[in-house]
Amino acid sequence: MTVTIQPTGISPADVLAVARGTAKVVLDPATLAAMATSRSIVDGIEAAGRPVYGVSTGFGALANTFVAPERRAELQHALIRSHAAGIGEPMPREVVRAMMLLRVRSLALGHSGVRPLVASALVDLLNHEVTPWVPEHGSLGASGDLAPLAHCALVLLGEGWVLGPEGQRQPAAEALRRAGLAPIELAAKEGLALINGTDGMLGMLLLAIHDAAHLFTMADVTAALAIEAMLGSDRPFLPELHTIRPHPGQGLSAANIHRLLQDSAVMDSHRADVTHAVQDAYSMRCAPQVAGAARDTLDFARTVAARELLSVVDNPVVLPDGRVESTGNFHGAPLGFAADFLAIAAAEVGAIAERRVDRLLDVTRSRDLPAFLSPDAGVNSGLMIAQYTAAGIVAENRRLAAPASVDSLPTSGMQEDHVSMGWAAAKKLRTVLDNLTSLLAVELLAAVRGLQLRAPLTPSPAGRAAIAALGEIAGPPGPDVFLAPVMEAAREVVATPALRTTIEREIGDLD
C-alpha cells in the first residue's frame, strides 16, 4: 500500500497503514508546489529584514530577541537540540510513525514555510523504517508536542537516537548511514515548523479511536455471553425499547446484544419460567446504555480527530497573501478534551464488565452456577482471583480517567501560561484501552466457563464460537490450572478480530 500526501491532507486509515503497517509514503507533486510557494514567502521576509517570530527572532519568552541573518540557521538547529529534552522509556514505534506522518501532513498543507526537502526527509525516515527514539515525558501539549517532535527532528540532523531492531537505543547517525540517508541542514523557520504541532496527541488519539471501536463491539459480545451464562433476559434489548430513547450508540449496542442472544437453548430454557427474575441487575440490563454512551463518546472523538486532520497546526503560519501570523492553533485542548472524555467512557465499559464477572462468580447471584465457576469449589478456587485482577484494573482505570486536560502548569517564563496536557491525556487513554482489553478478557473467560457449566444446554452461536476459541487453552471446567496463560490467551481473543469474524459469519455483521 502507498499513502500519497496531498495538500488536502490524509485519512485516519492512512495513518493506521503507516503507523502499524509497512505502507510507503509519497508526496504528491501538488504538495511539493504548495510548500515551495509558502517557502518563497519566508525567503522574501528574510530578504526584507522584517522581524517575524521564529524567522528572525527567538522562541517562547525570547520572542522579542532579534537574531542576525547569519545566525538564523544556527537558531533552528539550536532549537531542535534544546527542545529534544524528553526523558523516560521510548514511545511505541506506532506512535512515533504516526507522529512523523502527521507532521508531514501538516507541512504539506503549505502554510509552514518549509522547503519541500524537509518534508521529503521525514518521508525518507518512514520509508526506510528509521524510527526516532522519543521519550515518553516531555510534552505539555502546549506549543504542540515540542519535545517529542524535536526528538524526531533531531534525527533529520543526524543527531539523537533511533529505535533499534529489538527496541534498543542506537545513534541516529549510524541508522542514517545504514539506510543510505544523509542529514539535512535547516533554514530559517524550518526547525520551528518541525516541532510546533499536535501530531503526537493526534496520532495517539487516532490509534485509540481505532482500538476503542473494536473493543466497544467486543464489549457487546462479552456482555451478551455473560448475560446468557447467567440466564438473563433478552427482552431489555428489544429495539422498540431503544427507539424511545434515541441515543444512537445505545440502539446499536442493544441490537448487537439482542442478536447475539438468539438461537440459544440456554436462553430458551428459562423463557417460560415464572420464577425467573422480573428484572435483571443493572450490569446486565443496562449494558447498552453504558456501552452505547461510550460509542457516542467515540463518535465525538472521531469528529475532533477528523477536524484536526484538516487543520494547519503551526506557529507562525504563512498565509497565501504573504502575511506571516502568529496563532494558537498548536494548543492541544480539543484533542486533550476528546482523549479525556474517551478514557472516561472506556473506563466505565470496563467497570460494568467487572460487575458482570462478579455476579457470574457469586453463588448467591449467578442462578445456580457453582461458586467461582468451579465444579469443586473449596479445594479449588476457580476464577476467584481473576476477578481480583479485574477489580484492580478497574481501580487503576478510575485513576486514569481523572482528566489530564484540567491540569495546566505554566512554562516558558509565563509566556506559555496555559497548557493542554493533551499528550498525557492521549497517552493514558491508550493505557485505559489496554486495561479494557484485559477486563473484557476476564469477562470472556468467566462467561465461557458459565456457558460450559450450563451443558448439556447448547449456547448461542456466539457462545459456541467463544468456547471453541478458548477451548484449547482453558479446557473444560475442572480442577484449578495455572490461570495466567489462560487469561493471556483470552486477551488475545479479545484484541484480535478472529472471534468477532467467526461470530459474524453465523449471525451477520455486528455494529
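Residues numbered from 1 in each chain as written. Predicted model: local features only at pLDDT ≥ 70, side-chain atom pairs only at ≥ 80, totals over all residues. Heavy atoms only, no water.

**Student:** Please provide a residue-by-residue account of the overall build of the protein, values included.
**Tutor:** Secondary structure assignment for the protein yields 19 helices and 8 strands. Taking the principal axes of its C-alpha atoms as reference, the protein extends roughly 90 × 50 × 40 Å. Here the protein holds 511 residues, and 56% of them are scored as buried. Here the analysis covers contacts within the protein between residues at least 6 apart in sequence; of these, 79% occur between residues at least 24 apart. Looking at the protein as shown, the accessible area adds up to about 20400 Å², and 58% of this sits on carbon and sulfur atoms. In the protein, which carries 41 positive and 54 negative side-chain charges, the distance between the mean positions of the two groups comes to 1 Å. (Helix = DSSP H or I, 4+ residues; strand = E, 2+ residues; numbered from the N terminus. Buried < 20%, exposed > 50% of the residue type's maximum accessible area, 1.4 Å probe, protein only. Contact = heavy atoms within 4.5 Å. Areas by Shrake-Rupley, 256 points an atom, 1.4 Å probe, with all protein chains shown as cover. Lys, Arg positive; Asp, Glu negative; His and termini not counted. Charge placed at Lys NZ, Arg CZ, Asp CG, Glu CD.)

**Student:** Just give me the short version of unusual backbone geometry, but keep the residues and values in it.
**Tutor:** Backbone torsion omega between Asn315 and Pro316 reads -5°, so that peptide bond is classified as cis. Within the secondary structure layout, Pro316 lies in the loop between α13 (287-309) and β7 (317-318). For the bond from Ala455 to Pro456, the omega torsion is 15°, close enough to zero to count as cis. Tracing the backbone shows Pro456 in the loop between α16 (422-453) and α17 (461-474). Backbone geometry places Asp263, a non-glycine residue, at a positive phi of 60°. Positionally, Asp263 belongs in the loop between α10 (248-260) and α11 (265-268). Judged by its relative accessible area of 63%, Asp263 falls in the exposed class. For Met421, which is not glycine, the phi dihedral falls at a positive 55°.

**Student:** Outline the nonpolar core, listing residues and values.
**Tutor:** Grouped burial of nonpolar side chains is what soluble globular proteins tend to show. Among the nonpolar cores identified, the biggest contains 150 residues, and Leu107, Leu125, Leu194, Ile195, Phe216, Leu360 and Leu444 are the most heavily contacted of them. Considering every element that reaches this core, the biggest residue donor is helix α9 (residues 199-229), with 20 residues. Sequence-distant contacts of Leu444, defined by excluding residues within four places in its chain, comprise Thr222, Leu225, Ala466, Leu470, Ala490, Val493, Val494 and Leu499. Counting residues in hydrophobic clusters, the runner-up holds 8 residues, among them Val52, Val55, Ala188 and Val324. (Core = buried A, V, L, I, M, F, W, Y, C linked by side-chain atoms within 4.5 Å.)

**Student:** Requested: an account of a nonpolar patch on the surface, with residues and values cited.
**Tutor:** A surface patch of nonpolar side chains, amounting to about 260 Å² of accessible area, comprises Phe300, Phe341 and Ile344. Mapped onto the elements, Phe341 comes out in helix α14 (residues 333-361). Note on Phe341: relative accessible area 40%, which makes it partly exposed. (Patch = residues over 30% accessible without salt bridge, like charges linked within 9 Å, V, L, I, M, F, W, Y side chains within 5 Å. Salt bridge = Lys/Arg side-chain N within 4 Å of Asp/Glu carboxyl O.)

**Student:** Let's hear about α10: which residues, and what values?
**Tutor:** Its 13 residues place the ends of α10 19 Å apart at the C-alpha level, agreeing with the 18 Å of an ideal helix rising 1.5 Å per residue. Here α10 has its buried residues at Gly249, Gln250, Ser253, Ala254, Asn256, Ile257, His258 and Leu260. Against the buried residues of α10 lie α9, α13, α17 and α19 (498-507). (Expected span 1.5 Å × (residues − 1).)

**Student:** An account of the packing of α9 against α16 is requested, with residue identities and associated values reported.
**Tutor:** At a closest axis distance of 9 Å, the pairing of α9 and α16 adopts a crossing angle of 20°. If you check the angle between α9 and α16, you find them roughly parallel. With respect to the hand of their crossing, α9 and α16 are arranged in left-handed fashion. (Axes fitted to C-alpha atoms, helices over the stretch in contact; angles between N-to-C directions. Parallel < 35°, antiparallel > 145°, perpendicular 65-115°, else oblique. Left-handed = near helix turned anticlockwise from the far one by under 90°.)

**Student:** With reference to specific residues and values, describe α14.
**Tutor:** If you check α14, its first and last C-alpha atoms are 42 Å apart, about what 29 residues at 1.5 Å a residue would give, namely 42 Å. Burial within α14 is extensive, with 23 of its 29 residues counted as buried.

**Student:** Can you break down the packing of aromatic side chains residue by residue, with the values?
**Tutor:** For the coordinates displayed, the defined rule picks out 2 aromatic pairs. Aromatic pair Trp133 and Trp161: ring centres 6.5 Å apart, planes at 85°, arrangement edge-to-face. On the criterion of sequence distance, the pair formed by Trp133 in the loop between α5 (116-127) and β4 (135-137) and Trp161 in strand β5 (residues 161-163) is long-range, its members being 28 residues apart. Look at Trp133 and you get buried, because its relative accessible area is 10%. Between Phe300 and Phe341 the ring centres are 6.0 Å apart and the planes differ by 55°, which places this aromatic pair in the tilted class. Linking Phe300 in helix α13 with Phe341 in helix α14, this pair joins segments that are 41 residues apart in sequence. Using a relative accessible area of 36% as the deciding quantity, one classes Phe300 as partly exposed. Arg169 extends its terminal NZ or CZ atom over the ring of Trp133, reaching a point 5.1 Å from the ring centre. The ring of Trp161 is capped by Arg169, whose NZ or CZ atom sits 3.7 Å from the centre of that ring. (Phe/Tyr/Trp six-rings, centres within 6.5 Å; stacked < 30°, edge-to-face > 60°. Lys NZ or Arg CZ within 6 Å of the ring centre and 35° of its normal.)

**Student:** Describe the pattern of salt bridges, and please don't skip the residues or the numbers.
**Tutor:** What the rule picks out here adds up to 28 salt bridges. The partner of Asp199 in a salt bridge is Arg103, and the shortest N-O contact between them spans 2.6 Å. One end of the pair, Asp199, is in helix α9; the other, Arg103, is in helix α4 (residues 93-108), with 96 residues separating them in the sequence. For Asp199, a relative accessible area of 1% gives the class buried. According to the relative accessible area criterion, Arg103 is buried, its value standing at 1%. Among the charged side chains, a network of salt bridges with common partners joins Glu354, Arg355, Asp358, Asp362 and Arg365.

**Student:** Account for the packing of α9 against α19, with residues named and values stated.
**Tutor:** At a closest axis distance of 11 Å, the pairing of α9 and α19 adopts a crossing angle of 60°. It follows from the interaxial angle that α9 and α19 lie oblique. In this structure, α9 meets α19 at a crossing whose hand is left-handed. Contact residues: His214, Thr217, Met218 and Val221 in α9; Leu499, Arg500 and Ile503 in α19. Grouping the amino acids of the contact of α9 with α19 by side-chain chemistry returns 4 nonpolar, 2 polar and 1 charged. (Nonpolar A, V, L, I, M, F, W, Y, C, P; charged D, E, K, R; others polar.)

**Student:** Could you give an account of the environment of Leu373, naming the residues involved and the relevant values?
**Tutor:** Mapped onto the elements, Leu373 comes out in the loop between α14 and α15 (384-400). In this structure Leu373 comes out as buried when scored by relative accessible area, which is 3%. The spatial distance from the C-alpha of Leu373 to the C-alpha of Ala391 is 17 Å, given a sequence separation of 18 residues.

**Student:** Now, about the pairing of strand β1 (residues 2-5): what can you tell me, with residues and values included?
**Tutor:** Within a regular beta strand, the side chains point alternately toward one face of the sheet and then the other, so they alternate between its two faces. Residues of β1 alternate between two faces, with Val3 and Ile5 buried on one and Thr2 and Thr4 left unburied on the opposite face. Note that β1 and strand β2 (residues 24-27) share 4 bridges and pair parallel. Counted as the bridge partner of Thr2 is Lys24 from β2. Crossover connection from β1 via helix α1 (residues 12-19) to parallel β2: handedness right-handed. (Pairing = 2+ DSSP bridges. Right-handed = clockwise from strand over helix to strand, strands pointing away.)

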